[in-house]
Amino acid sequence: MKTSRCCILYNEPREGALPDELDVLDQVEYIEQNLAELKINTYRKSITVSFMDEVASLVSEKPDFVFNLVESINNKGELCYFIRPF
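All of the points below concern the structure found in this document. Starting afresh in each chain, residues are numbered from 1 along the sequence in its written order. Whole-chain, interface and lining totals are the exception, using all residues; otherwise, since this is a predicted model, local features are given only for residues with pLDDT of at least 70 and side-chain atom pairs are given and counted only at 80 or more. No hydrogens and no water enter the side-chain calculation; it runs on all heavy atoms of the structure.

1. A look at the sheet that holds strand β1 (residues 5–11)
A sheet is described by the order of its strands in space; here 3 strands give the open sequence β2-β1-β3, paired in parallel fashion. For this open sheet the edge positions go to β2 (41–47) and β3 (65–68), each flanked by a neighbour on one side alone. Strand-to-strand twist of the sheet, defined as the mean angle between neighbouring strand axes without regard to direction, takes the value 25 degrees. Pairing between strands is defined by DSSP: at least two bridges between them are needed. Working definition: helices are DSSP H or I runs of at least four residues, strands are E runs of at least two. Numbering for both runs from the N terminus. Sheet topology note: the β1/β3 ladder contains 4 bridges and is parallel. The residue bridging C7 from the neighbouring strand is V66, located in β3. We call two residues in contact when some of their heavy atoms are within 4.5 Å. Helix axes use the C-alpha atoms of the stretch in contact, all axes being lines fitted to C-alpha atoms, and the angles between their N-to-C directions lie in the range 0 to 180 degrees. Along the sheet, helix α2 (residues 51–61) makes contact with β1, β2 and β3, crossing β2 at roughly 160 degrees.

Take a look at the structure:
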C-alpha cells in the first residue's frame, strides 16, 4: 500500500512576530504528529509574499493532499484566498 504524502502549508511568521502569529508553528507541529500516527508522510511549505512562486512549486511537487493553515500573508488576511493550489 502506498504511503500518502501531505504538504502542510502555513503562513511564514514575520520577524518579530507576536505570540498569536507564532502559534501557527505549534499548529504545524500538532498536525505533523497526528498525521505521523496515521502513517502519513508530511513536509512543510511556508507561504510568504512570494506565494505565487510557492504555489507553482507546490503544484509541481504533487503531494497527495494539502493541509492548509494559511491565515494571512505578510499579516494581510485579504491575500490568503490565493492559496488554493488544487
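The structure having been displayed, the exposition proceeds.
2. Structural notes on the pattern of salt bridges
Pairs can form between side chains of opposite charge once their charged atoms are near each other. Salt bridge, as used here, is a side-chain nitrogen of Lys or Arg placed within 4 Å of a carboxyl oxygen of Asp or Glu. For the coordinates displayed, the defined rule picks out 3 salt bridges. For the salt bridge of E21 with R14, the shortest nitrogen-to-oxygen distance reads 3.5 Å. By relative accessible area, which is 38% here, R14 ends up partly exposed. The closest approach of N and O atoms between R44 and E32, which form a salt bridge, is 2.8 Å. Taken together, the residues R44 in strand β2 and E32 in helix α1 (residues 19–37) connect sequence positions 12 residues apart. For every residue, the accessible area (1.4 Å probe, protein chains only) is compared with the maximum for its type, and the residue is labelled buried under 20%, exposed over 50%, or partly exposed between those bounds. Residue R44 is classed as partly exposed on the basis of its relative accessible area of 38%.

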